[in-house]
Amino acid sequence: MVDTTKARHATLHITDLRSQIVGIETRVPVLDGSLRQYINFDNAASTPALRPVLDSVTKFLEWYSSVHRGAGFKSQVATHAYEEAHKRVASFVGADPERNTVIFGKNTTEAINKLSRRIPLNNDSVVISTLLEHHSNDLPWRQQTHVEHVLVHDNGELDLDDLQAKLNKYGDRVALVAVSGASNVTGCLTPIHEIADQAHKVSAPILVDAAQLAAHRAIDVKPEGDPQHLDFVALSGHKMYAPFGTGALIGPRVLFEQGDPDYVGGGTVSIVTPDQVHWAGLPDREEAGSPNVVGAVALARAIETLQQIDLETIAEHERELTRYALDRMTEVEGFVLYGLPSLDRDRLGVICFTLGDLPHALVSAILSCEYGIGTRNGCFCAHPYVKRLLHLTPDEVRMVIADILRGDRSSIPGMVRVSFGIYNTVEEIDTLITALRDIVRGKYKGEYSLNSVTGEYWPKGFDPDFKDYFTL
Ligand SMILES: Cc1ncc(COP(=O)(O)O)c(C=O)c1O
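If you're wondering where the values come from, they're calculated on a predicted model, not measured in any experiment.

### Details of the sheet that holds strand β9 (residues 232-236)
Across the sheet, seven strands lie side by side as β4-β10-β9-β8-β7-β5-β6; this open sheet has mixed pairing. Sheet topology places β4 (100-105) and β6 (146-150) at the edges, where each strand pairs with a single neighbour. Sheet twist, expressed as the average angle between the axes of neighbouring strands with direction ignored, equals 20°. Sheet topology places strand β5 (residues 126-130) next to strand β7 (residues 174-180); three bridges connect them, and they run parallel. Paired with Ile128 across the two strands is Val177, which belongs to β7. Those strands touched by helix α3 (residues 108-118) are β4, β8 (206-209), β9 and β10 (247-252), and its axis lies near 30° from that of β10. Across the face of the sheet, helix α5 (residues 160-170) comes into contact with β5, β6 and β7 while running at roughly 150° to β6.

Quick look at the structure:
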């Protein structure tokens, strides 16, 4: 149940936040046999759960029951909570519930796939996406229609002149401009309202993939009459401290009221006969099957917590971490940054880099196995963007493709990524800097070997039994 007890409305201070993160004190084994407190710098992939989210979920489970079709009291309570969760998401992005619907699904990927099957397209249609997209905001469009990718500058930012040129070229053939609010590789923020303005001038709607944005900056879709308004927004709970499997697509009711839903079945209809089907109202007609009510409660509670902390406070904390990290990381010998080098232009705390000639997978493995630091490496489901940032030549790309297709990932290009969340600290960054300095000087202990099938490195003699840490 979305709990509304008074105590929870007290403002949460960012300094109290570490204690509000589930698993913040978890210690993990490292190569020398000791345990180290885990440092999670992989928030761009998934954030840990907030304690208030876990508490609400635990409390809700006492009331958990079927939604919409149950007559029992628990079903009524669960239905109320589920419907309230939709309203919380609408209000989080400033959407007018009269005009917009909130459709729950698994995640941003599912939300964008749904939109790609529901937005009207014809043989002439063009969707303008960009080169900085995560595959989830690129491949669904490629499956449905012709896609044009807006170019990016060397610093990773979008080339807005190229966007304008593409809008001029395709004019009213543009069915949608689909753009990330923030890059999961360089952390650069795209000027979504400016882009909306450009798109609306050719009557194209805009989708903002807010998977990276939603937990870090306030989103305001603005009223429909405003030329800068956002038509569609997609987001994921697991990147917003609510890892219980719910994401959302927010968009105009009028679009989803037309035509047939993309998935059909239980819950999507108001009446069915052997030869007739009448669809239910929104959002039910777009949420086929039994929904993830627990995930919806978690997402709503996470939103409330982020609002209690205040998104501007979160943004400022993460800016400080990013400024500090960039200043210190650029002092490390061999450090090469991809993306904006400073905070002169606002950006998220997502930092991608390489270190001298060291393979990205080796650096991430050493950070994990010797320092207990969780990062991510590779191409981050944004292959075209990463290849562009690394300035790979067409021949190099061809060679990589050939290697991968014959099952050898040892030469896969990529970077190391650290990404911050609300609870990370300067002290954790200091530990990272020490580790990077050691690594670049060869002062690491392990003898690492490469698994050419996975492209991953692992040190000799490090053989923790994962079952000792968690087992089903
Ligand atoms: C910018 C961006 N879009 C979309 C996605 C896909 O999100 P999900 O895996 O939650 O569907 C991600 C995930 O990393 C992302 O960073």
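### Some remarks on the UniProt feature "domain: Aminotransferase class V" (unreviewed entry) in the chain
According to UniProt, the feature "domain: Aminotransferase class V" (unreviewed entry) maps to residues 39-432 in the numbering used here. Note that residues 39-432 is 38% helix and 18% strand, and that its end C-alpha atoms are spaced 9 Å apart.

### Thoughts on the nonpolar core
Val89, Val177, Val233, Ala234, Ile250, Leu299 and Ala302 are the most contacted members of the largest nonpolar core, which has 125 residues in total. Here the element with the most residues in this core is helix α8 (residues 293-309); it accounts for 10 residues. When residues of this core are assigned to domains, at least three map to each of domain 1 (54-307) and domain 2 (310-468). In this view, Ala234 contacts Thr108, Ala111, Ile112, Leu207, Asp209, Ala210, Ala211 and Leu249; residues no more than four positions away in its chain are not counted.

### Some points on the environment of Asp161
Within the fold, Asp161 resides in helix α5. Overall, Asp161 belongs to the exposed group, with 10 C-beta atoms counted inside 10 Å.

### Looking at unusual backbone geometry
A negative phi holds for most residues other than glycine; trans holds for most peptide bonds. Along the chain, Leu282 connects to Pro283 via a cis peptide bond; the corresponding omega equals 0°. With respect to the helices, strands and loops of the structure, Pro283 is situated in the loop between β12 (276-279) and α8. Look at Asp310: it is not a glycine, yet its phi comes out positive at around 95°. Turning to its location among the elements, Asp310 is positioned in the loop between α8 and α9 (311-329). Unusually for a residue other than glycine, Cys381 sits at a positive phi of about 55°.

Thresholds, definitions, all that
- Residues numbered from 1 in each chain as written.
- Predicted model: local features only at pLDDT ≥ 70, side-chain atom pairs only at ≥ 80, totals over all residues.
- Pairing = 2+ DSSP bridges.
- Helix = DSSP H or I, 4+ residues; strand = E, 2+ residues; numbered from the N terminus.
- Axes fitted to C-alpha atoms, helices over the stretch in contact; angles between N-to-C directions.
- Contact = placed C-beta atoms within 7 Å.
- UniProt positions renumbered as here; feature names shortened; annotations may be inferred.
- Core = buried A, V, L, I, M, F, W, Y, C linked by C-beta atoms within 7 Å.
- Buried ≥ 20, exposed ≤ 12 C-beta atoms within 10 Å, placed from the backbone.
- Domains from an automatic or database assignment.

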